[in-house]
Amino acid sequence: MISRSNFLLNQNLTFLNHGSFGACPIEIFEDYQNWQRQLEYDPVQFITQKGPKLMKESREALARFINAEANDLVFVPNPTFAINILRDSLHLQPGDEILTTDLEYGAMDRTWKHYCLENQTTYVRQKINLPIQSKEAFLEDFWKGYSNKTKVVFISEITSSTALKLPVKEICQEARKKGLLIIVDGAHSPGHIAINMAELDADFYTGACHKWMLTPKGSSFLWAKKDKQHLLEPLVVSWGYEAAFPGESTFIDHHEFNGTRDFSAYLTLPKAIAFLEKNDWKQQAKRCTETLLQQADRFCELLHTQLLAPKSEAFFGQILSFPIKTANPFQLKEVLYSDFKIEIPIMPHGDQIYLRISCAWYTTEKEFEHLYQSLKQIIEEEKYSGLLVV
Ligand SMILES: Cc1ncc(COP(=O)(O)O)c(C=O)c1O
């Protein structure tokens, strides 16, 4: 049974924010450090000879995990890097539109806004009515943003501040019919929900491995459909461009040679995947989702709020967000950490503020109870007046 003792996390904290940056089990972290030691022991051989072979093994392991071909994915440090590759690669015409939702991650919104400003194109953040009533209602809302100028669809598979699973498969199907380029932000998906790249008809997909796949920070990937790979410009031009030593795939040469660096985090993928499979990650994800959904009603009652979608696994996974009212979200977060030793995100998004609970494999009932009692105290005690309003 996996518990907090399998992780390096501070044991004195109630840690309810796996969603932001993940947490790495000790045995995976040791694998990471082992690769770093090998690198330092014989740097030239490791970086030029052994490393590329190990990177290929990692790519192959990840490809099996997401049902993709190994040469269709490249490792990148994080999804921001992946989306910035795309930002440098799209050649839209002035007036063209990128259709997205108003639920996307702030760094991605900024990246696309930057692109649109430079290229006289428009980033259409289509309003999604919350709470979402049904999958059909979501799709209806989303496609209201479509026009004959839409050329690209960009969408999260699981949103950040609102923590909602979106019906990305259906979006891909419709976008394909409309002849649009499809970019999926799957930052929260790997190791959280099953990914099947062969079935999901996207053009580009990025996922973080350091969240729910439990690898060390700075390990993510960009997958690209074979016939779209040539569109992608390397964000960092190095020896892989007009490759001095061409590998099996120009796509990999262009995007994985980033100059001298420590690529040890990527090399933990085979161990991390073995760890996920040994511990039946799908069953763990299901258990965590069920636990969160069981907790949902009492937190809604306490906070006088409601869920952002029907209470079902179709919309929720291992993260769950509650709209809250607070005079000062940053202070609320700070108080939860300093006075109650709880790490949990309080996230402003649009005109709303969300408290998001993560349930990871190691999360205990006791931690939920501590959060509940702490929020109750903040609501009731004079000294916290205004911090959580119900
Ligand atoms: C929806 C979403 N996209 C992308 C990211 C990736 O951010 P970063 O590139 O900073 O790891 C996150 C991080 O939490 C996210 O929630």
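Residues numbered from 1 in each chain as written. Predicted model: local features only at pLDDT ≥ 70, side-chain atom pairs only at ≥ 80, totals over all residues. Heavy atoms only, no water.

Moving on, we get to the site of the ligand. All residues adjacent to the ligand are N78, P79, T80, Y105, M108, S156, I158, S160, D185, A187, H188 and K211. Take D185: an N or O atom from its side chain is 2.6 Å from a nitrogen atom of the ligand. Against a free-state accessible area of 390 Å², the protein chains account for coverage of 87% of the ligand. Split by residue class, the shell around the ligand holds five nonpolar, five polar and two charged. (Near = heavy atom within 4 Å. Polar contact = N/O pair within 3.5 Å; in protein donor to acceptor, adjacent residues only side chain to side chain. Areas by Shrake-Rupley, 256 points an atom, 1.4 Å probe, with all protein chains shown as cover. Nonpolar A, V, L, I, M, F, W, Y, C, P; charged D, E, K, R; others polar.)

A separate point is the domain arrangement of the protein chain. For the protein chain, the assigned domains read domain 1 (4-26 + 280-384) and domain 2 (29-275). A straight line from the C-alpha centre of domain 1 to that of domain 2 covers 27 Å. Contact with domain 1, which involves 36 residues of that partner, is made by 34 residues of domain 2. When the two sides are added together, the surface that domain 1 and domain 2 hide from each other amounts to roughly 2900 Å², 63% of it contributed by carbon and sulfur. Contact with domain 2 buries surface across domain 1, with W281, F315 and H349 losing the most and accounting together for 22% of the total. (Domains from an automatic or database assignment. Contact = heavy atoms within 4.5 Å. Buried area = accessible area lost by both parts, 1.4 Å probe.)

Pairing is antiparallel in the open sheet, where three strands are placed in the order 9-12-11. At either margin of the open sheet sits one strand with a lone partner, and together these are strand 9 (319-324) and strand 11 (346-349). Between one strand and the next, the sheet's axes are offset by a mean angle of 35°, whatever the strand orientation. Each of strand 9 and strand 12 (352-358) is contacted by helix 11 (residues 281-303), which is oriented at about 10° to strand 9, the strand it contacts most. (Pairing = 2+ DSSP bridges. Helix = DSSP H or I, 4+ residues; strand = E, 2+ residues; numbered from the N terminus. Axes fitted to C-alpha atoms, helices over the stretch in contact; angles between N-to-C directions.)

Here we come to the packing of helix 6 (residues 135-143) against helix 7 (residues 168-177). At a closest axis distance of 11 Å, the pairing of helix 6 and helix 7 adopts a crossing angle of 40°. In terms of axis orientation, helix 6 runs oblique to helix 7. Two packed elements cross with a definite hand, and for helix 6 against helix 7 that hand is right-handed. Here K135, F138, L139, F142 and W143 of helix 6 lie close against helix 7, whose contacting residues are E170, I171, E174 and A175. (Parallel < 35°, antiparallel > 145°, perpendicular 65-115°, else oblique. Left-handed = near helix turned anticlockwise from the far one by under 90°.)

Looking now at helix 10 (residues 269-278). Turn by turn, an α-helix covers 3.6 residues, leaving residues three or four places apart pointing in a common direction. Burial in helix 10 covers these residues: L269, A272, I273, F275 and L276. Buried positions in helix 10, seen along its axis, are confined to an arc of 155° and lie on one side of it. In helix 10, those exposed residues whose orientation departs by more than 90 degrees from the buried face are E277 and K278. On its buried face, helix 10 sits against helix 2 (26-41), helix 3 (43-65), strand 2 (73-76), helix 9 (264-267) and helix 11. (Buried < 20%, exposed > 50% of the residue type's maximum accessible area, 1.4 Å probe, protein only. Arc of directions from axis to C-beta.)

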